[in-house]
Amino acid sequence: MLHIILLDCALELVPREISSLKQIQKHATRRGKKSSELLLDQTHHGQSMTKLSQSERRGRPDITFLSLMSILETPLCKEGLLSVHLHLQDGRIIEVRPDVRLPRNYDRFVGLMEQLLLKGRVPPQGDSLLHINEGSIEDLISKLKAGSDNAKTLLAVEGGKQTSIESLRNLLPQDPSVPVIVGVGAFPHGNLSDETVSMFGTHLELDSEVMMAWHVSAELLWIYSLNIGVVKIRYSAT
Ligand SMILES: C[S@@+](CC[C@H](N)C(=O)[O-])C[C@H]1O[C@@H](n2cnc3c(N)ncnc32)[C@H](O)[C@@H]1O
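Residues numbered from 1 in each chain as written. Predicted model: local features only at pLDDT ≥ 70, side-chain atom pairs only at ≥ 80, totals over all residues. Heavy atoms only, no water.

Q: Which residues make up the nonpolar core, and what are the values?
A: In terms of nonpolar packing, the biggest core is built from 51 residues, with Leu-2, Leu-76, Leu-82 and Leu-86 touching the most fellow members. Counting residues per element, this core draws most heavily on helix α9 (residues 213–228), at eight residues. With 14 residues, the next largest nonpolar core counts Ile-5, Ile-93, Ile-141 and Phe-200 among its residues. (Core = buried A, V, L, I, M, F, W, Y, C linked by side-chain atoms within 4.5 Å. Buried < 20%, exposed > 50% of the residue type's maximum accessible area, 1.4 Å probe, protein only. Helix = DSSP H or I, 4+ residues; strand = E, 2+ residues; numbered from the N terminus.)

In structure tokens, the structure reads:
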């Protein structure tokens, strides 16, 4: 099974320290919401965000959106061999149910994430398709390893071991019962903390230049899918 963790997602509500600024208030009026109920977004709040610490890593929900669009509803996901978690910059973790059908429209995705961050789950009642856990990333990784001695933890990171698509194929198992946990950063600039980096056994660089999180996620997903022969598994079941 492949477990993708999108790390340090640039996904949060407008923080209190900038919620009264004119630019944010104007946007809130346009959206018909309170400013504290808006998703922080560089496109709309760029000027106000300069007042925030580490602003270069924040306010880019589109990175999470595009990454989720590229990995959910794939054959691997439909076969029940993919799990997805979003690790937020405040340490909380969002569990994404693999059968969730997210809106294709970015504005509707933003509305859904606002509801999730305000209420802690979506939908607010009944079975949750997305919900926020308080547990740490360390606990999550050990849970995903499911006690397997063969589990692999891979981090996609610039400066990691230079890895061609062919060597990635050799590195990934062919046995779908081996848990493979991969971390991909979902923030625009800056680095992961040393603590997060140290939780992954193998660090992989997949190109000589910086790549987009959604390309990295897709590359890992499709090479893994090829290795375990997911499409063959699906045809043989029909
Ligand atoms: C836009 S980058 C974030 C920028 C940040 N400088 C960094 O390296 O983490 C998004 C994520 O894609 C992955 N990534 C980017 N370039 C990569 C590369 N050349 N090889 C492997 N992973 C890469 C990393 O997980 C990274 O956190």
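Q: Can you tell me about the pattern of salt bridges, naming the residues and giving the values?
A: With the rule as written, the count across this model stands at 10 salt bridges. Put simply, Arg-92 and Asp-90 hold a salt bridge, and the shortest N to O gap is 2.9 Å. Taking relative accessible area as the criterion, Arg-92 reaches 23% and is therefore assigned partly exposed. Among the charged side chains, a salt-bridge network with shared partners connects Arg-31, Lys-33 and Glu-114. (Salt bridge = Lys/Arg side-chain N within 4 Å of Asp/Glu carboxyl O.)

Q: Talk me through the pairing of strand β2 (residues 82–88); I want residue IDs and the actual numbers.
A: Burial analysis of β2 places seven of its seven residues in the buried class, which makes it a mostly covered element. Here β2 shows no split at all, with Leu-82, Val-84, Leu-86 and Leu-88 on one side and Ser-83, His-85 and His-87 on the other all buried. In this sheet, β2 lies alongside strand β1 (residues 2–9) in parallel orientation, the contact comprising six bridges. Considered in β2, the bridge of His-3 is made with Ser-83. Between β2 and strand β3 (residues 93–96), which pair antiparallel one after the other, the connecting turn spans four residues, and Gly-91 there sits at a positive phi close to 95 degrees. (Pairing = 2+ DSSP bridges.)

Q: Explain the site of the ligand to me, and be specific about the residues and the numbers.
A: Not every one of the 17 residues close to the ligand is listed here, only the nearest: Ala-156, Glu-158, Gly-190, Leu-206 and Met-211. Within the backbone of Leu-206, one N or O atom sits 2.8 Å away from a nitrogen atom of the ligand. Note that a nitrogen atom of the ligand is positioned 2.9 Å from one of the backbone N or O atoms of Glu-209. When the ligand is considered free in solution it has 540 Å² of accessible area, and contact with the protein chains removes 93% of it. For the shell around the ligand, the leading source of residues is strand β6 (residues 152–162), giving three residues. Across the shell around the ligand, the residue classes tally to 11 nonpolar, two polar and four charged. (Near = heavy atom within 4 Å. Polar contact = N/O pair within 3.5 Å; in protein donor to acceptor, adjacent residues only side chain to side chain. Areas by Shrake-Rupley, 256 points an atom, 1.4 Å probe, with all protein chains shown as cover. Nonpolar A, V, L, I, M, F, W, Y, C, P; charged D, E, K, R; others polar.)

Q: So, unusual backbone geometry: which residues are in play, and what are the values?
A: Cis geometry is found at the peptide bond from Val-122 to Pro-123, where omega equals -10 degrees. Position of Pro-123 relative to the elements: it lies in the loop between β4 (121–122) and β5 (130–133). The residue Glu-73 is not glycine, and still its phi comes out positive at about 65 degrees. Within the secondary structure layout, Glu-73 lies in the loop between α3 (61–71) and α4 (75–78). We classify Glu-73 as partly exposed; its relative accessible area is 26%. Residues other than glycine seldom take positive phi values, yet Ala-146 does so here, at roughly 50 degrees. By the element assignment, Ala-146 lies in the loop between α6 (137–145) and β6. By relative accessible area, Ala-146 is classed as exposed at 62%.

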